[in-house]
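Analysis of the macromolecular model
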Amino acid sequence: MSKSSVDDLVEAGSEYHAGFVTDVESETLPPGLDESVVRFISARKGEPQWLTDWRLEAFAKWREMREPNWAHVHYPPIDFQAISYYSAPKSQTDGPRSLDEVDPELLRTYEKLGIPLHEQAALAGVVPDPAAIGTPAGTNVAVDVVFDSVSIATTFKETLAAAGVIFCPISEAVHSHPELVQKYLGSVIPQRDNYYAALNSAVFSDGSFVYIPKGVRCPMELSTYFRINERNTGQFERTLIIADEGSHVSYLEGCTAPMRDENQLHAAVVELVAMGDAEIKYSTVQNWYPGDENGKGGIYNFVTKRGLCAGPRAKISWTQVETGSAITWKYPSVVLRGDESVGEFYSVALTNNRQQADTGTKMIHMGKNTKSTIVSKGISAGGSENCYRGLVRISPTAQNARNFTQCDSLLIGDQCGAHTFPYIENKNNSATVEHEASTSKVSDDQLFACQQRGIETEQAVSMIVNGFCKEVFRELPMEFAVEAGKLLEVSLEGAVG
Amino acid sequence: MNLLDVSNLHASVETDDGPQPILKGLNLTVKAGEVHAIMGPNGSGKSTLANVLSGRPGYTVGGGGAMLGGNNLLDLEPFERAQIGMFLAFQYPVEIPGVSNMEFLKASIDSLARARGEEQPNTASFMRTVRELAASLDLDPAFLKRGVNEGFSGGEKKRNEIMQLLLLNPKLALLDETDSGLDIDALKVVADGVNRYRSESNGVVLITHYQRLLDYIVPDYVHVLSNGQIIESGDKSLALELEAKGYAWLT
Ligand SMILES: Nc1ncnc2c1ncn2[C@@H]1O[C@H](COP(=O)(O)OP(=O)(O)O)[C@@H](O)[C@H]1O
Ligand SMILES: [Mg+2]
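Below or above, wherever it landed, is the structure these notes cover. For clarity, every value in this text was computed on a predicted model and none was experimentally measured.

Now for the overall build of chain B. Each helix and strand counted, chain B has seven helices and twelve strands in total. The C-alpha atoms of chain B give 18 Å as radius of gyration, which agrees with the globular expectation for 251 residues (18 Å, within 12%). Projected onto the principal axes, the alpha-carbon positions of chain B cover approximately 55 × 40 × 40 Å. When contacts within chain B are restricted to residue pairs at least 6 apart in sequence, long-range pairs at least 24 apart make up 69% of them. Surface exposure of chain B reaches about 10500 Å², of which carbon and sulfur atoms provide 48%. Averaging the locations of the 22 positively and 32 negatively charged side chains of chain B gives two centres separated by 3 Å.

In structure tokens:
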């Protein structure tokens, strides 16, 4: 019997390429969570009183809330007292965060993470000549790196400052731009929004802050790499992006974590605010450690992401490529408040082995002539469970709102599951809501058609899967589309016997 | 040396009711430079032969042998068979959504080159070659950007198979009912493509139902396959006779 049929491809054993541990000295808080921990975090960052109070308020709310259990995912109860809520590489805890002071181990970490060449150069403190490294001019990427709880380095600060763009760790923005942080923090995702958002509001460590002034087109892609390194730590980063009227920004987030036998919690909050005629494009390539082939270890990725189209013709676009995490629970959403505002969600979620993903989006139409597009591509391999959950809500005020949703599932083998839960709440009969869904398999016939033309099995699977994801990859910034394609290939390694 | 040597081949197809024997001792020899037509009633095992030779999953070989240019085909993975020069033009070409035709062809030609230790063609000249081939088969260049067979008409799918044949230039071409569903103009285009491919160094096994294709691609031999065996062989006149009398007189 030929070993090239789909059934044989489902043997597990995927290799996680970002699973190394970096040996840096760090200052880590012992596990446990109470008010004193919240105060400690706030004090460690020298935060103003209003923020300490805000955290404590969130903590009080969190204590009254219950973990949600409606998602199509299964895991043992999380002991929130067994997690450490603060960890920082020691060399970064004092003094200015200049790149010279970055632990060389960390720089090697970025190298291993495959952070693109020009970003590495930037992280090493060298502002590269774009021509010299073959990057087309204008596609430079400014990077912020969050390592465990703290932001390590933000590059290209000066170029950005010249354009009036603020791009810095949120812990720094609290001091340098308190009025912006105080005004917008929690304005899109209130503390009480959900259990994990409340927890994040109480203990958030660091994350990126972006402000694009009126009429400015951000001169480069902005990017953050998140990395969980320490054992038993949770990562609770908080990102806030504000695009003022008529401005434009494209932002990319990448994530990895070492291989650990125990599960680690990642509960981030990302808030986006787009004023009138502004546009925010937010792309994520998420490759947190998914656990081994038996489901041991891996990241619990419980994330709240929401954007507000605050003014007319604002546009927010989420593009995500999710290949990692043991469990993903994540619904990047858009509130379309401004008339004629636009929300988009393009997603590829790949699960293999024992991974579980419950992901999708919410499009809340409030303004007139608002428009949303949802394209979701779920790929399940091994014994994984992949679920799309989406809500399209048309409020009574959303005259002539339009939504188009397309949900496609691709199965590799017959041990995995794909589920689709589309919810539509339409309170305005001038609205148009379209939904298309499909489920297909990587068929023996397709594989054979490739093999008959000399293409080996593994490459054939990856080509078919990439083809399936094309509509989403098209939405990614160029350099990351390539990265995403490679990532799928790596993540499918276990699926290819 | 024979290009293809099939001797006493037995094979069964895996069905829900267990294996069902289809090929029951089939012999076929093809030398370089020859075109062999295989005809036979529906269900006689023509596609099974092509599938077993190219290694499609779902079949079990029960005995006999199949050699291509001195290599034992039955020991090789399907992609290895392709790499040593085996090509199957599919009776029902499959769709691969989102993978553009051009991308697929590049992956194919690169894989073959890599396996043979040859240099991979440069992208620009490769694309030029493919566009010229497409034009020579009356295919709109825009179709190269579309997903493999995605929304192609029946005729386009078949012409696409022939384009791949010309591009990959294999040692042995198995064409499984490439003529079915074609109108006469498309049939001529396809036949012209196959004739361009023919050379002294390669061989063609032409599976067909109708003798009309053989007016355009003149075979050196015609074989009749029935109940898993070749029951009659002859030259082109056998095809004409079959057309006049049907298969019944042979079985
Ligand atoms: N996957 C299959 N399952 C069950 N029977 C099959 C399958 N494939 C082929 N057969 C049977 O095998 C026989 C030969 O089929 P095939 O080789 O396709 O014939 P031909 O190409 O000559 O029309 C037929 O009786 C057909 O029904
Ligand atoms: Mg047939």
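Picking up where we left off.
Turning our attention to the coordination of the magnesium ion (ligand 2). Residue and element names in this part refer to chain B. Summarising the metal site, the magnesium ion (ligand 2) is bound by the protein donors Ser47 (OG) and Gln91 (OE1), whose distances to it range over 2.1 to 2.4 Å. In this pair, serine 47 sits in helix H1 (residues 46-54) while glutamine 91 sits in the loop between strand S6 (86-89) and strand S7 (96-100), placing the two residues 44 residues apart along the sequence. Residue serine 47 is classed as partly exposed on the basis of its relative accessible area of 23%.

Our next topic: unusual backbone geometry. For aspartate 277 of chain A, which is not glycine, the phi dihedral falls at a positive 60 degrees. The class of aspartate 277 of chain A is partly exposed, set by a relative accessible area of 42%. At asparagine 227 of chain B, a position not held by glycine, the phi torsion is positive, near 50 degrees. The topology assignment puts asparagine 227 of chain B in the loop between strand S11 (221-226) and strand S12 (229-234).

Next up on the list: the interface of chain B and chain A. Facing 33 residues of chain B, the contacting portion of chain A comprises 23 residues. Together, the buried faces of chain B and chain A total about 2300 Å²; carbon and sulfur atoms form 61% of this surface. Connecting chain B to chain A are three salt bridges. Its salt-bridge partner being glutamate 161 of chain B, residue arginine 453 of chain A comes within 2.8 Å of it at the nearest N-O pair. The tally of links from chain B across to chain A stands at eleven residue pairs in polar contact (both at pLDDT 80 or more). Those elements giving two or more residues to the side of chain B that touches chain A turn out to be helix H2 (78-83), S6, S7, helix H3 (101-115) and helix H5 (154-168) of chain B. Looking at the side of chain B that touches chain A element by element, the count peaks at seven residues for H3 of chain B. Grouping the amino acids of the side of chain B that touches chain A by side-chain chemistry returns 17 nonpolar, nine polar and seven charged.

For the rest of this paragraph, the subject is the site of ligand 1. Residue and element names in this part refer to chain B. Neighbouring ligand 1 are Val13, Thr15, Gln20, Ile22, Pro41, Asn42, Gly43, Ser44, Gly45, Lys46, Ser47 and Thr48. Glycine 43 has a polar backbone atom sitting 2.8 Å from an oxygen atom of ligand 1. Glycine 45 places a main-chain nitrogen or oxygen 3.0 Å from an oxygen atom of ligand 1. Taken by itself ligand 1 offers 560 Å² of open surface, and the protein chains cover 62% of this. At three residues, the largest contribution of residues to the shell around ligand 1 is made by H1. Along the lines of polarity and charge, the residues of the shell around ligand 1 split into three nonpolar, eight polar and one charged.

Now for the nonpolar core. In this structure, Val130, Met163, Leu167, Leu175 and Leu206 of chain B are the most contacted members of the largest nonpolar core, which totals 47 residues. Of all the elements, helix H6 (residues 184-197) of chain B adds the most residues to this core, at seven residues. Ignoring any residue separated from it by four or fewer positions in sequence, one finds leucine 206 of chain B in contact with Val35, His36, Ala37, Ile38, Leu175, Leu213, Leu214 and Ile217 of chain B. Listed in part, the 35 residues of the second largest apolar core include Leu272, Ile316, Ile374 and Ala398 of chain A.

On to the environment of leucine 172 of chain B. All names here are of chain B. In this fold, leucine 172 is placed in strand S9 (residues 172-176). With relative accessibility at 0%, the residue leucine 172 sits in the buried group. Spatially, the C-alpha atom of leucine 172 lies 9.9 Å from that of glycine 33, the residues being 139 residues apart in sequence. Leucine 172 has contacts with Leu3, Leu4, Val30, Leu68, Gly85, Met86, Phe87, Tyr197, Gly203, Val204 and Val205, leaving out every residue within four places of it along the chain.

Turning our eyes to something else, we now look at the sheet that holds strand S4 (residues 59-68) of chain B. Residues and elements named next belong to chain B. Spatially, S2-S1-S4-S5 is the arrangement adopted by the four strands of the open sheet, whose pairing is antiparallel. Two strands bound the open sheet, and with one partner strand each, they are strand S2 (18-30) and strand S5 (71-72). Each of strand S1 (4-15), S2 and S4 is contacted by H1, which is oriented at about 105 degrees to S1, the strand it contacts most.

A separate point is the sheet that holds strand S3 (residues 35-39) of chain B. Residue and element names in this part refer to chain B. Strand order across the open sheet formed by six strands is S6-S9-S10-S3-S11-S12, with mixed pairing between neighbours. Looking at strand neighbours, the two that pair on one side only are S6 and S12, the edges of this open sheet. Across the sheet, the mean angle from the axis of one strand to that of its neighbour is 20 degrees, orientation sign disregarded. When S11 meets S12, the two strands line up antiparallel, connected through five bridges. Looking at the pairing, leucine 225 lines up with isoleucine 230 of S12. The strands touched by H1 are S3, S6, S9, strand S10 (203-207) and S11; relative to S6, the strand with the most contacts, the crossing angle is about 145 degrees. Packing against the sheet, H5 makes contact with S6 and S9, and its axis sits at approximately 165 degrees to S6.

Time to look at empty space enclosed by the protein. A complete count under the given rule lists five cavities of 30 Å³ or more for this structure. Here the largest cavity defines a volume of roughly 110 Å³. Within the residue set of the lining of the largest cavity, elements represented by two or more residues are strand S17 (342-351), strand S19 (371-380), strand S20 (385-394), strand S21 (402-411) and strand S22 (417-426) of chain A. The residue inventory of the lining of the largest cavity, partitioned by class, reads six nonpolar, nine polar and two charged. Each pocket or cavity is described by its volume, and for the second largest cavity that value is around 60 Å³. The wall of the second largest cavity is formed by Ala449 and Arg453 of chain A together with Phe90, Pro93, Val94, Ile96, Phe104, Val148, Asn149, Glu161 and Gln164 of chain B. Of the residues that constitute the lining of the second largest cavity, the class distribution is seven nonpolar, two polar and two charged.

This part is about the packing of aromatic side chains. Counted by the stated rule, this structure contains 17 aromatic pairs over all chains. Ring geometry for phenylalanine 302 of chain A against tryptophan 329 of chain A: centres 6.2 Å apart, planes inclined by 75 degrees, an arrangement best described as edge-to-face. Highlighted residues: phenylalanine 302 of chain A in strand S13 (residues 298-309) and tryptophan 329 of chain A in strand S15 (residues 327-330), separated in sequence by 27 residues. Each member of the pair, phenylalanine 302 of chain A as well as tryptophan 329 of chain A, carries the same accessibility label: buried. Geometrically, the ring pair formed by phenylalanine 143 of chain B and phenylalanine 152 of chain B is tilted, given 4.7 Å between the ring centres and 40 degrees between the ring planes. Residue phenylalanine 143 of chain B shares its accessibility class with phenylalanine 152 of chain B, and that shared class is buried. Chaining the aromatic ring pairs together yields one cluster made of Phe59, Trp62, Phe80, Tyr195, Tyr196, Tyr300, Phe302, Trp329 and Tyr331 of chain A. In this structure, lysine 106 of chain B is placed above the aromatic ring of phenylalanine 126 of chain B, and the distance from its NZ or CZ to the ring centre is 5.7 Å.

The rules behind the values
Residues numbered from 1 in each chain as written. Chains lettered and ligands numbered in written order. Predicted model: local features only at pLDDT ≥ 70, side-chain atom pairs only at ≥ 80, totals over all residues. Heavy atoms only, no water. Helix = DSSP H or I, 4+ residues; strand = E, 2+ residues; numbered from the N terminus. Rg over C-alpha atoms; globule rule 2.2 N^0.38 Å. Contact = heavy atoms within 4.5 Å. Areas by Shrake-Rupley, 256 points an atom, 1.4 Å probe, with all protein chains shown as cover. Lys, Arg positive; Asp, Glu negative; His and termini not counted. Charge placed at Lys NZ, Arg CZ, Asp CG, Glu CD. Donors = N, O, S within 2.8 Å, 3.2 Å for Na, K, Ca; no water. Buried < 20%, exposed > 50% of the residue type's maximum accessible area, 1.4 Å probe, protein only. Buried area = accessible area lost by both parts, 1.4 Å probe. Salt bridge = Lys/Arg side-chain N within 4 Å of Asp/Glu carboxyl O. Polar contact = N/O pair within 3.5 Å; in protein donor to acceptor, adjacent residues only side chain to side chain. Nonpolar A, V, L, I, M, F, W, Y, C, P; charged D, E, K, R; others polar. Near = heavy atom within 4 Å. Core = buried A, V, L, I, M, F, W, Y, C linked by side-chain atoms within 4.5 Å. Pairing = 2+ DSSP bridges. Axes fitted to C-alpha atoms, helices over the stretch in contact; angles between N-to-C directions. 1 Å grid on protein atoms, 1.4 Å probe; cavity = no way out; pocket = protein on both sides within 12 Å on 5 of 7 lines; lining within 4 Å. Points joined across faces, edges and corners; volume = space filled by probe spheres on them. Phe/Tyr/Trp six-rings, centres within 6.5 Å; stacked < 30°, edge-to-face > 60°. Lys NZ or Arg CZ within 6 Å of the ring centre and 35° of its normal.

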